[in-house]
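Fold and geometry: a report
As a plain string of letters, each chain reads:
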Amino acid sequence: MHCMSGHSNFVSCVCIIPSSDIYPHGLIATGGNDHNICIFSLDSPMPLYILKGHKNTVCSLSSGKFGTLLSGSWDTTAKVWLNDKCMMTLQGHTAAVWAVKILPEQGLMLTGSADKTIKLWKAGRCERTFSDFVTTAEDRSLRIWKHGECAQTIRLPAQSIWCCCVLDNGDIVVGASDGIIRVFTESEDRTAGAEEIKAFEKELSQATIDSKTGDLGDINAEQLPGREHLNEPGAVQTECTREGQTRLIRDGEKVEAYQWSVSEGRWIKIGDVVGSSGANQQTSGKVLYEGKEFDYVFSIDVNEGGPSYKLPYNTSDDPWLTAYNFLQKNDLNPMFLDQVAKFIIDNTKGQMLGLGNPNFSDPFTVKTNIYRRAVVVMYQALQDLLTHYPQKILLQKEHTKLQFSQNRNSAYRSAASKTMNIYFPKKEAVTFDQANPTQILGKLKELNGTAPEEKKLTEDDLILLEKILSLICNSSSEKPTVQQLQILWKAINWPEESENIVFPALDILRLSIKHPSVNENFCSEKEGAQFSSHLINLLNPKGKPANQLLALRTFCNCFIGQAGQKLMMSERESLMSHAIKLKSGSNKNIHIALATLTLNYSVCFHKDHNIEGKAQCLSLISTILEVVQDLEATFRLLVALGTLISDDSNAVQLAKSLGVDSQIKKYSSVSEPAKVSECCRFILNLL
């Protein structure tokens, strides 16, 4: 219904600002990776105004009933806004603020003041002061704010607190990385029983706190007092002046952290401190960096002749969050997120300090129990675009020599010898994998119902097609039966007058052709010529775009199997000559499929060092580049071009003779997506 623009990087959070007299439809607030908050109305695609002040990604927003807005950021602060002004900054968290909430209010008018309060007015009289907020963060804490100050800090036995909400009765609900939802209340009637509270405090006391990432300050274990100091006369009265104050106690070889509870008048253990073993590098076995101790300090050379970047890391840190912070700090491309994180894991042997339930798996990853959190969520869109372009590990073994330093706990040195090109040469075929089986089958049955009675698929036919689609999409080890393949062939061969209804069957074929037995069956020497001929006929420029698109995607997916790849190579003259006729249309999906087909041929020609095939492919790329507008299609053509000319001076000369270098220069200045300009510059360096 509406498309709005204003951020220069991805949008990470959004909320609705309720309607007012000025804006009866309300407003929309969005926070982004560009550190800004954009305020939109439905009347314009551009922001009404932009709120600036955060120094990192704005990852959470909450609106009040009177135009107030609360924002949380990876810069560890929360900010309160009234219209286009920042009224106060809430400082106290020591890590990313993942969730924020304004405690609910009813009625009246708001004003903001320099005294860090927001006031409610009625009939010219201030009725009450309003400045109560809730924030949760990566530092394991839930904080309640009153009058711009932290009134209460509640620690949880989890690595991070990801979300929060406030119930109508004022209770606060939080969700944390240990998979548990907890409710906190001011009401004595709803307070948990003594056993539950005791169990919670026990779990909290058994957690571990990293001395270098928590808010504990510099620690010298040898100078800390013993546990008896908690009970010394006068300690409570003279030193416990605020809620949440933290005290460190030495218990033998361990360091324990305690937090003061004003309401209970006692110290509560919140965990054991790790990484606090000594005062210098020699005695602690740590690596010193910027005055702090770390388990590892990697030195990474990203570009040849460029500066080295230091990447400090502790085994209690989250690899993905560390990787993100490293990229942000050094203004490096976010596409390296996974590579940097995996490099950390590989070179620290995956060491991590466990928290909470070891059997709980992070919902954002299926391969590892390491918490990737919102870093992965926010980069999901980027990674989806790169699904078919697996990037090289940032520090590959052939480019990197890792050496042990003299530091006892092994700080590694990375001597990267060349600029990393993550785009080409492409080694594997790119396929079209996304599917919605329910939607495909629904459309197939719907269109089958409109076919002439004598041309309809029977109920048994539809059941067989449903079975083959199910086993393909569920990655079943079961092979499609001969009968199922016969019905699939029948479905894609609906008579010419039925071309309007054949595309769901083609979609099933597009997915099925990736299965080894289906690929072997349809692309074999016996059946391949008939199979490819039928699909090539669907590429007729006067045909239906949906059939053209799915035929191209099926050809792309054929490359995944040996039989399919062999068929594509033998049919390339006919296929390319028919496919190129679709370049003149305006359908960007067809252009992307056409570019992908070209890319897959490039992969084959690069492997076989086929200079004739490369020449044909280079000519195809040059022709398509003249008309294509979509940047994703352009990117795939650039990857194909880079793959063809990699390590081949003859192919470089061919590309130059076609004038490809002048064709692609305009893409070197494309700002979004950055992969287009980066890939282009790598190619221009070769040309």
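For clarity, every value in this text was computed on a predicted model and none was experimentally measured.

**Focus: the overall build of the chain**
Check the secondary structure of the chain and you find 21 helices and 28 strands. When each of the 687 residues of the chain is scored for burial, the buried share is 53%. Per element, the accessible surface of the chain, about 32,800 Å² overall, is 49% carbon and sulfur.

**Examining the pairing of strand E18 (residues 181-184)**
Going residue by residue along E18, you find Arg-182 and Phe-184 tucked away on one face and Ile-181 and Val-183 left uncovered on the opposite face. Both strand E17 (residues 172-176) and E18 contribute to a ladder of 4 bridges, which runs antiparallel. Each bridged residue has a counterpart across the sheet, and for Ile-172 the counterpart in E18 is Phe-184. Counting the residues between successive antiparallel strands, the hairpin from E17 to E18 contains 4 residues, one of them, Gly-179, with a positive phi of roughly 80°.

**Re the sheet that holds strand E4 (residues 49-51)**
Across the sheet, which stays open at both edges, the 4 strands sit in the order E1-E2-E3-E4 with antiparallel pairing between neighbours. In this open sheet, the two strands that pair with only one neighbour each are strand E1 (11-17) and E4. Here the average twist between neighbouring strands, direction ignored, is 25°. Relative to E4, strand E3 (residues 37-40) is paired through 3 bridges, and the arrangement is antiparallel. Residue pairing in the sheet places Ile-37 in a bridge with Leu-51 of E4.

**Digging into unusual backbone geometry**
Omega for the peptide link from Phe-424 to Pro-425 comes to 5°, which places this bond in the cis form. Mapped onto the fold, Pro-425 is located in the loop between strand E28 (412-414) and helix H7 (437-448). Residue Pro-673 is bonded to the preceding Glu-672 through a cis peptide linkage, with omega at -5°. Tracing the backbone through its elements, the reader meets Pro-673 in the loop between helix H20 (660-664) and helix H21 (674-686). For Arg-140, which is not glycine, the phi torsion reads 75° and is therefore positive. Relative to the helices and strands, Arg-140 is located in the loop between strand E13 (132-137) and strand E14 (141-146). Given a relative accessible area of 7%, Arg-140 falls into the buried group. Although it is not a glycine, His-609 adopts a positive phi angle of roughly 55°. Inspection of the secondary structure puts His-609 in the loop between helix H16 (588-608) and helix H17 (611-625).

**Notes on the UniProt feature "repeat: WD" (unreviewed entry) in the chain**
In this numbering, the UniProt entry assigns the feature "repeat: WD" (unreviewed entry) to residues 51-81 and 90-122. End C-alpha to end C-alpha, residues 51-81 measures 8 Å, and it is 0% helix and 58% strand.

**Things to note about the packing of aromatic side chains**
The description of an aromatic ring pair rests on the distance of the ring centres and on the angle between the ring planes. Overall, the coordinates contain 9 aromatic pairs when judged by the stated rule. A centroid spacing of 6.4 Å and a plane angle of 75° characterise the contact between Phe-184 and Phe-200, whose relative ring orientation is edge-to-face. Of this pair, Phe-184 sits in strand E18 while Phe-200 sits in helix H1 (residues 194-205), placing them 16 residues apart in sequence. Assessed through its relative accessible area of 19%, Phe-184 is described here as buried. Between Tyr-423 and Phe-682 the ring centres are 6.3 Å apart and the planes differ by 55°, which places this aromatic pair in the tilted class. Linking Tyr-423 in the loop between E28 and H7 with Phe-682 in helix H21, this pair joins segments that are 259 residues apart in sequence. Of the two residues, Tyr-423 and Phe-682, neither departs from the other in class, the shared state being buried. By way of ring pairs, the aromatic residues Trp-74, Trp-98 and Tyr-324 are connected into one cluster.

**A look at the packing of helix H10 (residues 503-512) against helix H13 (residues 545-558)**
Where H10 meets H13, the axes come as close as 9 Å, and the angle between the chain directions of the two elements is 10°. The pairing of H10 with H13 is recorded here as roughly parallel in orientation. Each of Phe-503, Leu-506, Asp-507, Leu-509 and Arg-510 in H10 lies in contact with H13, whose residues at this interface are Ala-546, Asn-547, Leu-550, Arg-553, Thr-554 and Asn-557. Looking at the contact of H10 with H13 residue by residue, the classes come out as 5 nonpolar, 3 polar and 3 charged.

**Section: the nonpolar core**
Residues Phe-531, Leu-597, Tyr-601, Leu-641, Ile-645, Ile-664 and Ile-683 are the most contacted members of the largest nonpolar core, which totals 120 residues. Ignoring anything within four residues of it in the chain, the contact list for Ile-683 reads Phe-424, Leu-638, Leu-641, Gly-642, Ile-645 and Ile-664. Membership of the second largest hydrophobic core comes to 15 residues, among which are Val-134, Leu-142, Ile-172 and Val-174.

**Points about the confidence of the model for the chain**
Averaged over all residues, the pLDDT of the chain is 78; the fraction at 70 or higher stands at 75%. By mean pLDDT, the top-scoring element of the chain is E3 (96), and the lowest-scoring one is strand E27 (residues 402-404) (26). Between residues 233-241, whose pLDDT stays under 50, and residues either more than four places distant or in other chains, the model counts 12 contacts.

**Overview of helix H19 (residues 649-657)**
Of all the residues in H19, the buried ones are Ala-651, Val-652 and Ala-655. All buried residues of H19 project into a common sector of 105° when viewed along the axis, lining one side. In this structure, H19 carries Ser-649, Asn-650 and Ser-657 as exposed residues pointing more than 90 degrees from its buried face. Looking at the buried residues of H19, the elements they touch are H17, helix H18 (631-645), H20 and H21. Among the residues of H19, the N-terminal cap falls to Asp-648, whose side-chain oxygen and the backbone nitrogen of Asn-650 are separated by 3.0 Å. In the segment just after H19, Gly-659 is the residue with positive phi, at about 75°.

**Topic: the sheet that holds strand E16 (residues 161-166)**
The strand order across the open sheet formed by 3 strands is E16-E17-E18, and the pairing between neighbours is antiparallel. On the outer flanks of this sheet lie E16 and E18, each paired with one strand and no other. Adjacent strand axes in the sheet meet at a mean angle of 20°, parallel and antiparallel pairs treated alike.

**Quick notes on the pairing of E16**
Pairing of E16 with E17 involves 5 bridges; the strand directions are antiparallel. The residue bridging Cys-163 from the neighbouring strand is Gly-175, located in E17. With antiparallel pairing between neighbouring strands as the criterion, E16 and E17 make up a hairpin whose turn holds 5 residues, including Gly-170 at a positive phi of roughly 90°.

**Regarding the pattern of salt bridges**
Applying the stated criterion to the full structure yields 15 salt bridges. With a shortest N-O distance of 3.4 Å, Lys-85 and Asp-84 are connected by a salt bridge. In this structure, the salt-bridge partner of Glu-632 is Arg-636, at a minimum N-O distance of 2.9 Å. Here the residue Glu-632 and the residue Arg-636 both occupy positions in helix H18, the gap between them amounting to 4 residues, near one helical turn. Across the pair, Arg-636 and Glu-632 agree in class, each one buried.

Criteria and cut-off values
Residues numbered from 1 in each chain as written. Predicted model: local features only at pLDDT ≥ 70, side-chain atom pairs only at ≥ 80, totals over all residues. Heavy atoms only, no water. Helix = DSSP H or I, 4+ residues; strand = E, 2+ residues; numbered from the N terminus. Buried < 20%, exposed > 50% of the residue type's maximum accessible area, 1.4 Å probe, protein only. Areas by Shrake-Rupley, 256 points an atom, 1.4 Å probe, with all protein chains shown as cover. Pairing = 2+ DSSP bridges. Axes fitted to C-alpha atoms, helices over the stretch in contact; angles between N-to-C directions. UniProt positions renumbered as here; feature names shortened; annotations may be inferred. Phe/Tyr/Trp six-rings, centres within 6.5 Å; stacked < 30°, edge-to-face > 60°. Parallel < 35°, antiparallel > 145°, perpendicular 65-115°, else oblique. Contact = heavy atoms within 4.5 Å. Nonpolar A, V, L, I, M, F, W, Y, C, P; charged D, E, K, R; others polar. Core = buried A, V, L, I, M, F, W, Y, C linked by side-chain atoms within 4.5 Å. pLDDT = per-residue confidence, 0-100. Arc of directions from axis to C-beta. Polar contact = N/O pair within 3.5 Å; in protein donor to acceptor, adjacent residues only side chain to side chain. Salt bridge = Lys/Arg side-chain N within 4 Å of Asp/Glu carboxyl O.

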